[in-house]
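# Examination of the molecular architecture
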Amino acid sequence: MIACLKQIKVCLHLYAGMVLLLFTVVIGGAVECQARVDDSKITIVTPADVARKRAALVDFTWGKGGFPATKMPSSVQRSVQSPVQGLKNLARVDTLRISMAVGLIGMSHQFVPKHSNRRLAILHLGHTSTCTFNDGLAGESDVGIRKTLLSLLSKGFTVLAVYMPQQTPEDCREHHDQLFNVVTTGNPMKFFLEPTIVSLNYALSGRRHYRDVSMIGFSGGGWTTTLCAAIDPRIKTSIHVAGSLPIYLRWGWTFGHTEQNLDSFYGIAGYPDLYIMGAFGSGRSQLQVLNRHDDCCFGERQHNSNEAGATFESAVRAYETRVRQALKKLGAGSFRVAIDDTATRHMISGRVIDKVILPALN
């Protein structure tokens, strides 16, 4: 029986063998309890568990349509004007558009270097108010996206720069929670993943041969990186910056947008399981970067030590250790967390680009 009392913030409910966290919301004097998956326990023990959960997530997300392994962009414009200024070692830019269900269009750019290292890096923008990779110029806020792109190109990477749905220059909206009101085969979670997966299908098609595929994402792009790496093992190295924390370490407003805490999805695999899935495999690795002084998400300012029963760093290091131990038992893959003390807000700092991301890719 669920006990929801005004004086408590968290309830526990045992349902169908799964422990759910319930937090209370006071509305007009009444108390409403809303379930949240408790992902504090790692449920992956064997490689078969990874395969089973991956298949379950694909089935939930795409339903009878299945994983879009062969789907290609609906259009490709080659040699367009670069949407980002001042890039070096740039031969050309192609713009990809991806048709999805209910008329949604995903979008990405392929930045092709003059001098290639034959490596592919996906760079995911995530949520931004201006929907541009050209940050830090012409008065735009500098969150480090353009600097990351510049650094990748200068090293010879071909870069797939991917937008979130309804966060493109052609369809830039502040929120997209309404997507979860759409009736579609599978689940609207697919709208967040398909632009990356289909863009990757295109980049790897034909005569293109890359030594490996990496993915870097910031904020909502970091969240997307976590999910794409868990579902698509073609991504060898994944780096997510200020993109997620396990649900059991969130409270109140820090649960985030619907796609970040959808119970039916994370009931299959919570964040620690997703980190393992994204890191597991021969030659695979995952790096999570958290900004200690983040003014938005997943930093020390947003951490509630009373609720977590531990300081920010202790709580982070605890799940990092458990994920690493699980990967050691699985026998392949690596995971680590870097806490950036130099970032002053929600951003990818210059130090992280130079001292963390580029070395991790090498």
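In this report, we go over the structure that sits alongside the text. If you're wondering where the values come from, they're calculated on a predicted model, not measured in any experiment.

This next bit is on the environment of Ser-40. Note that Ser-40 resides in the loop between strand 3 (30–37) and helix 1 (47–62). Separated by 282 residues in sequence, Ser-40 and Arg-322 have C-alpha atoms that sit 10.0 Å apart. If we skip the residues at most four places from it in the chain, Ser-40 touches Tyr-248 and Arg-322.

Applying the stated rule across the entire model yields two disulfides. Each sulfur in the disulfide pair Cys-131 and Cys-172 lies 2.1 Å from the other. Looking down the S-S bond of the Cys-131 and Cys-172 bridge, the torsion is 80°, so its handedness is right-handed. Here Cys-131 is found in the loop between strand 7 (120–124) and helix 2 (145–154), whereas its partner Cys-172 is found in strand 10 (residues 171–172), with 41 residues between them in sequence. Cys-172 gets classed as partly exposed once you look at its relative accessible area, which sits at 37%.

All right, on to the pairing of strand 11 (residues 213–218) then. A large share of strand 11 lies buried, amounting to six of its six residues. Of the two faces of strand 11, both are covered, the one formed by Val-213, Met-215 and Gly-217 as well as the one formed by Ser-214, Ile-216 and Phe-218. Relative to strand 11, strand 7 is paired through five bridges, and the arrangement is parallel. Bridging from a neighbouring strand, Ala-121 pairs with Ser-214 of strand 11. Of the strand pairs in this sheet, strand 11 and strand 12 (residues 237–241) are connected by five bridges, and their pairing is parallel. Each residue of the ladder has a partner; that of Met-215, found in strand 12, is Ser-238. On the question of chirality, the crossover connecting strand 11 to the parallel strand 12 by way of helix 4 (residues 220–231) is right-handed.

Of all seven residues making up strand 14 (residues 334–340), five are buried, and the element is well covered by its neighbours. Note that strand 13 (residues 285–291) and strand 14 share seven bridges and pair parallel. Across the sheet, residue Asn-291 finds its bridge partner in strand 14, namely Asp-340.

Turning our attention to the packing of aromatic side chains. Inspection of every chain in the model, using the stated rule, returns 10 aromatic pairs. Residues Trp-62 and Phe-67 carry aromatic rings whose centres are separated by 5.6 Å and whose planes lie at 80° to one another, so their mutual orientation is edge-to-face. Relative accessible area serves as the criterion here: at 25%, Phe-67 is assigned to the partly exposed category. Relative to Phe-335, the ring of Tyr-275 has its centre 5.4 Å away and its plane inclined at 15°; by these criteria the two rings are stacked. In this pair, Tyr-275 sits in helix 7 (residues 271–279) while Phe-335 sits in strand 14, placing the two residues 60 residues apart along the sequence. Here the aromatic residues Phe-60, Phe-265, Tyr-266, Tyr-271, Tyr-275, Tyr-319 and Phe-335 are joined through ring pairs into a cluster of three or more. Over the ring of Phe-255 we find Arg-36; its NZ or CZ atom is 5.1 Å from the centre of that ring.

Calculation rules
- Here the residue numbers are simple positions, counted from 1 along each chain's written sequence.
- Local features in a predicted model are, by the rule used here, given only for residues with pLDDT of at least 70; side-chain atom pairs are given and counted only at 80 or more, and totals for whole chains, interfaces and linings are based on all residues.
- Side-chain numbers come from the whole structure's heavy atoms, not from hydrogens or water.
- Elements are defined by DSSP. Helices are runs of H or I of four residues or more, strands are runs of E of two residues or more, and each kind is numbered from the N terminus.
- Should any heavy atoms of two residues lie within 4.5 Å, those residues are considered in contact.
- Any two cysteine sulfur atoms lying within 2.5 Å of each other are counted as a disulfide.
- The rule is simple: take the accessible area with a 1.4 Å probe, protein chains only, and divide by the maximum for that residue type; under 20% is buried, over 50% is exposed, in between is partly exposed.
- For two strands to be treated as a pair, DSSP must find at least two bridges joining them.
- Handedness of a crossover is defined as follows: with both strands directed away from the viewer, a clockwise route from the first strand across the helix to the second makes it right-handed.
- Between 30 and 60 degrees the pair is tilted, below 30 it is stacked and above 60 it is edge-to-face, where a pair is any two Phe, Tyr or Trp rings, Trp via its six-membered ring, whose centres lie within 6.5 Å.
- Remark: a charge is flagged as sitting over a ring if the NZ atom of Lys or the CZ atom of Arg is within 6 Å of the ring centre and within 35 degrees of the ring normal.

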